[in-house]
Amino acid sequence: MRRGAIWQRSLLAVVIGLGIMAAPALAADEIVLGSAISQTGKYAREGKFYVDAYTITVDVINKAGGVKVAGKPHKLVLKLYDDQSDPNLSVRLFTRLVTSDKVNFLLGPYSSGITIPASAVSEKYEIPMVQGGGASGKIFDRGYKYIFGTLPKAEFYFQAAIEAAAKMTPRVQTAALLYSNEAFDRSVAEGARQWLKDQKIDKVYDEEYQPATQDFTSVLAVLKSKGPDLVLLAGHEENSLNFIRQAQSADMAPKMMVFTVGPPTADFRKTLGKAAEYVYGITPWLPDMDVGGEIFKSARDFARQFQERFGYEADYHVASGAADVLVYKFAIEKAGSLDPKKVRDALAAVDVETLYGRVKFEATGQIAMGQVVVQIQDGKLVPVYAFGKMLGKPLYPAPKWNMRK
Amino acid sequence: MLALQVLINGILLGGLYGLMALGMSLIWGVMNIVNIAHGALIMLGAYVTFWLFTLWGWDPFISLPATIALLFVYGYCIQRFLLNLVVRAQLFLTLLITFGVEVVMVNLARIVWSSDLRPVTPTYACANCALGGVTVPYVRLWVFVTTVILSVAFLLILEKTRLGRAIRATSEELRAARLTGIPVAHIYAVTFGLGAALAGAAGGLWGMLFPITPIMGGGLTLKSFVVAVLGGLGTMMGSIVGGLVLGLAESFTATYLGPTYPNAISFGLLVLILIFRPTGLLGRRA
Amino acid sequence: MGLVALLLLAGAPAVLSPFLVQFLINLFMLAALAESWNIIGGFTGYASFGNVAFFGVGAYTTGVLLTVAELPFALALPAGGLLAMVFAALIGMPILRLKGHYFAIATLGVAETTREIVYNLKITGGGTGLSMPITRSPLPFFYLMLGILLAATLVNWWLSASRFGYGLIAIREDEDAAAAMGINSALYKTMAFALSGAFAGLVGGVFAYWITFIDPEGVFKVIITIQMIIMAVFGGMGTIVGPLLGALVLASVSEVLSTQLVSLAELFNGLIVILVVLFMPKGLVEVIRKREFSLRKLARNLREYRV
């Protein structure tokens, strides 16, 4: 065979193969929710929360009769890809979900860094995306109409904690701010600077670090020499874990340590064991909050079902993911159609009580929700401050490491 | 005192960097193979230590010899049955194949062990002692001591034993080594096994300081490059020196410039050294 | 024959599904990168492991000009390619004096350092990345990538038949002899490196606008350089169509794998790299030309390269 002929034939075979592969079979009476979520890579742990949350919610909704579109019951189906924690792959996969798999609607990925580019795809193709994994205001300040988010704005994450710090006795005077070089954490830091100013707390340290940083010993050495009362860390779970461990090794125990990610997650507390005591975290949701709605009667009911099915405690990531699927049910039934534009409008107008709390999107598409400051006491999460009030009794100030039991 | 603390931190971690790079420097110096899978070997050593600790409760310092032995066998097989097949190919092909090995190893680890972070936490994990205004975590100190012991042991093997002489002979003059009856294929495999064993030991020690995950190796491979080149390829002492230099550089830049700079500094150092003094700080002038 | 394929491709977007159009854009991108690497790696024999640096510089230059300076794409793209070319030339001058492994590691170091620098600059958005304005249609990208691929392939073809190209090959085969014959090897090498960087930069610029979002992790990944290299090697380094062929086969296989066996895709990519180096280091073009399809012939490589 001539070389050229081989080449032409292989090209043809490849194209045909891909063409066959690319044509999906869409069954009637199904609503397909598509997403590319991090099942491997640096966000794999958090990504799993969303995969499980989407799965359980879809199953429970289907068991309860599915979604009624103009009276006709439809089954919800999930189509999930793995974005390997890579924003570029995420964009390609979302493009495929829309153009090739022709899913009806989109669910979001995890992390602001990935949601920012992924939402450009949903905007481009005018298909709604509801996400519960990205909190940075930057996702929502581009004037996009098709992106909705169930995590409250990143810039507000530390507000409650800083307010609480100002109300402690003895009052917090100085603070250190440490944040990862990523969209979400930068947004959190931006907000934090404002709240610190409002509460007249002196900022003695304000530095950014590479997300992949494992070694905080230098940072801790500087912090030890400056001795802030309050340490605020915006990063992801691995960063929080390493920081706390190394703080113990370096014998650095500020009066109050707050982390954006980590404390509400059971696995985090288990991994750290005793070292996690006295640490503060932030969450918009707790399993024993007094909220509930259709499908899942209460937060507690949801937490129980989730624990039974997946064997681990649900945290706010999970609840947020579940809310994303739920809100589609309400919006589709309200719109009475599967037309993306109509559903989009219904989403913008939705106002419903759910296991996650009240879901109502602001004009930008992001939910407005208060955060609860929690503290790890005896391995358990204890709410200490929310909505301007001290709840429970915070164990403050945190004792030096060698004085802890 | 801050500067002293920063200095101590840099030395303690730098020692571990040196141990990491020792294995890479050996393999590069003897067989002219740049092992991109080096980080994956470190990762493997870390996981072996982790499983021995988690499943059977073996203290990570005690299980080190087991880790070393396992990694040695593993490295021996890799060289003997895979890399020996391409040793005389163009240099960059060997580079490419070790890259393939790295991808395979990392992905197998990810599939079998999942991406979950695994910490190795013996009870003394975070204990520390304060010496004159400086806090020294016990684990870091012992890791440093172990590093020194292993490095010295390794250097002695290389200088004083028959095996060591055979390795050095093979690296300096291949044909002559063959003529004197040295089984080159076997020696190469032993060399790689030693390099892997060192990497594995470094991994086990690393796992005591930081949580481990399948993808931990990539950054460590690059750091090992920097250290090996800095110190001077093929000179074992060079790796130690290079490791200390890198550890100190990272510690000081993170403290006085900011935490986002250490990586830029290390790679910048790499490029500068390669441009101005490729043989490294201790290397012989080519 | 080539013309027929070209006409087919030009008309393709009209008939193929949007998904296939996306796939082809990605394919053209990889093939163009492989062809660009071929200039310095295949023809000149200097295996650079850091060409992603030029891809990233092109991507960020175009990105910053598009977003911060709000220049039109028609200006931002050539600027990206130009800056990448200049960068390659400047960095090439000291680095090309190194040989073998040292050169490879140095280029790797350059790529990593560039990424770190981009991470730390304010204008690039640091770790947050840059978001481009949205474009509705993929067509301009399809034709742009195809165009760059054609240009890169044509340059390779020109190299195979020109004095400059022969000079590069001479440098690859025996640099000292080439210098003795009067070839200014430093100049030639730097020009080859700059050309290679220019194309990588152009590809990067188009990529940035196409994917609408870039961040340091994404455009300075080592795996991109490895993909360039393995495609060129698999197809046949130093040949004209080798990188093209390599890209075609490997990108297709990778695409199929990534949909069917998502978690195993990368594993297979690694195995492919190992197998290619063991059995087909001279490339597919060579295998086809010599009709060496039997395992025995493929195993001959092993005998040649083993200890």
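Residues numbered from 1 in each chain as written. Chains lettered and ligands numbered in written order. Predicted model: local features only at pLDDT ≥ 70, side-chain atom pairs only at ≥ 80, totals over all residues. Heavy atoms only, no water.

## Focus on the side chain of Asn35(B)
All names here are of chain B. Tracing the backbone shows Asn-35 in the loop between helix H1 (2–31) and helix H2 (38–56). Among the polar contacts listed, one links the side chain of Asn-35 to the backbone nitrogen of Ala-37, at a separation of 3.0 Å. Not counting residues within four places of it along the chain, the set of residues in contact with Asn-35 comprises Met-24, Ile-27, Leu-41, Thr-98, Phe-192 and Thr-221. (Helix = DSSP H or I, 4+ residues; strand = E, 2+ residues; numbered from the N terminus. Polar contact = N/O pair within 3.5 Å; in protein donor to acceptor, adjacent residues only side chain to side chain. Contact = heavy atoms within 4.5 Å.)

## Focus on a nonpolar patch on the surface
A grouping of Tyr138(B), Leu141(B), Trp142(B), Val145(B) and Ile149(B) is seen on the molecular surface, where their side chains present a nonpolar patch of about 420 Å² in accessible area. In this fold, Trp142(B) is placed in helix H5 (residues 138–160). (Patch = residues over 30% accessible without salt bridge, like charges linked within 9 Å, V, L, I, M, F, W, Y side chains within 5 Å. Areas by Shrake-Rupley, 256 points an atom, 1.4 Å probe, with all protein chains shown as cover. Salt bridge = Lys/Arg side-chain N within 4 Å of Asp/Glu carboxyl O.)

## Points about the nonpolar core
One finds Phe92(B), Leu96(B), Phe225(B), Phe49(C), Phe55(C), Phe207(C) and Ile214(C) to be the most contacted residues of the largest nonpolar core, which totals 224 residues. Residue contributions to this core peak at 18 residues, all from helix H2 (residues 18–43) of chain C. If we skip the residues at most four places from it in the chain, Phe225(B) touches Met24(B), Trp28(B), Val34(B), Ile36(B), Leu270(B), Ile105(C) and Leu108(C). By size, the runner-up hydrophobic cluster in this structure holds 88 residues, among which are Leu196(A), Ala323(A), Val327(A) and Tyr356(A). (Core = buried A, V, L, I, M, F, W, Y, C linked by side-chain atoms within 4.5 Å. Buried < 20%, exposed > 50% of the residue type's maximum accessible area, 1.4 Å probe, protein only.)

## Details of the pattern of salt bridges
Tallied over the entire structure, the rule returns 25 salt bridges over all chains. Two residues, Arg193(A) and Asp206(A), come together in a salt bridge whose shortest N-O distance is 2.7 Å. Taken together, the residues Arg193(A) in helix H6 (residues 183–198) and Asp206(A) in strand S8 (residues 202–209) connect sequence positions 13 residues apart. Lys223(B) is the partner of Glu250(B) in a salt bridge, and the nearest nitrogen-oxygen pair spans 2.9 Å. Taken together, the residues Glu250(B) in helix H10 (residues 236–256) and Lys223(B) in helix H9 (residues 217–231) connect sequence positions 27 residues apart. Comparing Glu250(B) with Lys223(B), the two get one shared label, buried. Overlapping salt bridges bring together Arg45(A), Glu237(A) and Asp267(A) as one network.

## As for unusual backbone geometry
All names here are of chain A. A cis amide bond links Thr-169 with the next residue in sequence, Pro-170, at an omega value of 0°. Assignment of secondary structure puts Pro-170 in the loop between helix H5 (159–167) and strand S7 (174–180). The step from Tyr-396 to Pro-397 runs through a cis peptide bond, and the omega angle for that step is -10°. With respect to the element layout, Pro-397 can be found in the segment after strand S16 (389–390). A positive phi angle, near 60°, is found at Ser-85, a position not held by glycine. Position of Ser-85 relative to the elements: it lies in the loop between strand S3 (72–82) and helix H3 (87–99). In this structure, Lys-200 takes a positive phi of about 55° despite not being glycine. A relative accessible area of 69% places Lys-200 in the exposed class.

## A few points about the interface of chain B and chain C
Of the residues lining the interface, 45 residues belong to chain B; the matching set on chain C comes to 44 residues. Roughly 3,900 Å² of surface becomes buried between chain B and chain C when both sides are summed, with 79% attributable to carbon and sulfur atoms. When the buried surface of chain B facing chain C is broken down by residue, Leu85(B), Phe92(B) and Leu96(B) rank first, second and third, together holding 16% of it. Where chain B packs against chain C, one counts zero salt bridges. Counting every contact that joins chain B to chain C gives three residue pairs in polar contact (both at pLDDT 80 or more). Counted by class, the side of chain B that touches chain C contains 33 nonpolar, nine polar and three charged residues. (Buried area = accessible area lost by both parts, 1.4 Å probe. Nonpolar A, V, L, I, M, F, W, Y, C, P; charged D, E, K, R; others polar.)

## Things to note about the interface of chain A and chain B
Of the residues lining the interface, 28 residues belong to chain A; the matching set on chain B comes to 27 residues. Between chain A and chain B the total buried area reaches about 2,300 Å² when both faces are included, carbon and sulfur atoms providing 60% of it. At the boundary of chain A and chain B, one finds one salt bridge. The interface formed by chain A and chain B holds three residue pairs in polar contact (both at pLDDT 80 or more) in total. Where the side of chain A that touches chain B is concerned, the elements lending two or more residues are helix H2 (44–63), S8, helix H7 (217–226) and helix H8 (237–249) of chain A.

## Topic: the sheet that holds S3(A)
All names here are of chain A. Spatially, the six strands line up as an open sheet ordered S2-S3-S1-S4-S5-S6, and their pairing is mixed. Of all strands in the sheet, those bounded by a partner on one side alone are strand S2 (67–69) and strand S6 (147–149). Taken pair by pair, the neighbouring strands of this sheet meet at an average axis angle of 30°, ignoring direction. Looking at chain direction, strand S4 (residues 105–107) and strand S5 (residues 129–131) are connected through two bridges and run parallel. (Pairing = 2+ DSSP bridges. Axes fitted to C-alpha atoms, helices over the stretch in contact; angles between N-to-C directions.)

## Here we look at the pairing of strand S2 (residues 134–137) of chain B
Burial of S2(B) is two-sided: the residues Val134(B) and Val136(B) facing one way and the residues Thr135(B) and Pro137(B) facing the other way are all buried. In sequence, strand S1 (residues 128–131) of chain B turns back onto S2(B) through a hairpin of two residues, with Gly132(B) there showing a positive phi of about 55°.

## Here's the deal with the environment of Ala192(A)
Residue and element names in this part refer to chain A. Within the secondary structure, Ala-192 is located in helix H6. Judged by its relative accessible area of 0%, Ala-192 is buried. Residues Ala-192 and Leu-395 lie 203 residues apart in sequence; the distance between their C-alpha atoms is 23 Å. Residues within four places of Ala-192 in sequence aside, it is in contact with Glu-155, Phe-158, Ile-162 and Leu-177.

## Considerations on the packing of aromatic side chains
Under the counting rule described, the total for this entry stands at 40 aromatic pairs over all chains. For the ring pair Phe216(A) and Phe243(A), a centre distance of 5.6 Å and an interplane angle of 75° mean the geometry is edge-to-face. On the criterion of sequence distance, the pair formed by Phe216(A) in the loop between S8 and H7 and Phe243(A) in helix H8 is long-range, its members being 27 residues apart. Look at Phe216(A) and you get buried, because its relative accessible area is 1%. A residue is classified by how much of its surface remains accessible, and Phe243(A), at 0% relative accessible area, is buried. Their ring planes at 55° and their centres at 5.1 Å tell us that Phe164(C) and Tyr188(C) sit as a pair that is tilted. Of this pair, Phe164(C) sits in helix H7 (residues 163–173) while Tyr188(C) sits in helix H9 (residues 185–211), and the two are 24 residues apart along the sequence. According to the relative accessible area criterion, Phe164(C) is buried, its value standing at 10%. (Phe/Tyr/Trp six-rings, centres within 6.5 Å; stacked < 30°, edge-to-face > 60°.)

## Thoughts on the pairing of strand S15 (residues 380–386) of chain A
Residue and element names in this part refer to chain A. Relative to S15, strand S14 (residues 372–377) is paired through six bridges, and the arrangement is antiparallel. If you follow Gln-377 over to S15, its bridge partner there is Lys-380. Linking two consecutive strands that pair antiparallel, namely S14 and S15, is a turn of two residues; a positive phi of about 60° is found at Asp-378 within it. Pairing of S15 with S16, which is carried by two bridges, proceeds in the antiparallel orientation. If you follow Ala-386 over to S16, its bridge partner there is Lys-389. Counted along the chain from S15 to the antiparallel partner S16, the turn is two residues long, and its residue Phe-387 has a positive phi close to 50°.

## Things to note about H6(A)
Residue and element names in this part refer to chain A. Taking 1.5 Å of rise per residue, 16 residues should cover 22 Å, and H6 covers 23 Å from first to last C-alpha, within 8% of that figure. For H6, the complete set of buried residues consists of Ala-183, Phe-184, Asp-185, Arg-186, Ser-187, Val-188, Ala-189, Gly-191, Ala-192, Trp-195 and Leu-196. Buried-residue contacts for H6 involve helix H4 (112–125), H5, S7, S8 and strand S9 (230–234). Immediately beyond the C-terminal end of H6, within one or two residues, lies Lys-200, with a positive phi of roughly 55°. (Expected span 1.5 Å × (residues − 1).)

Honestly, it's all geometry; don't read function into it.
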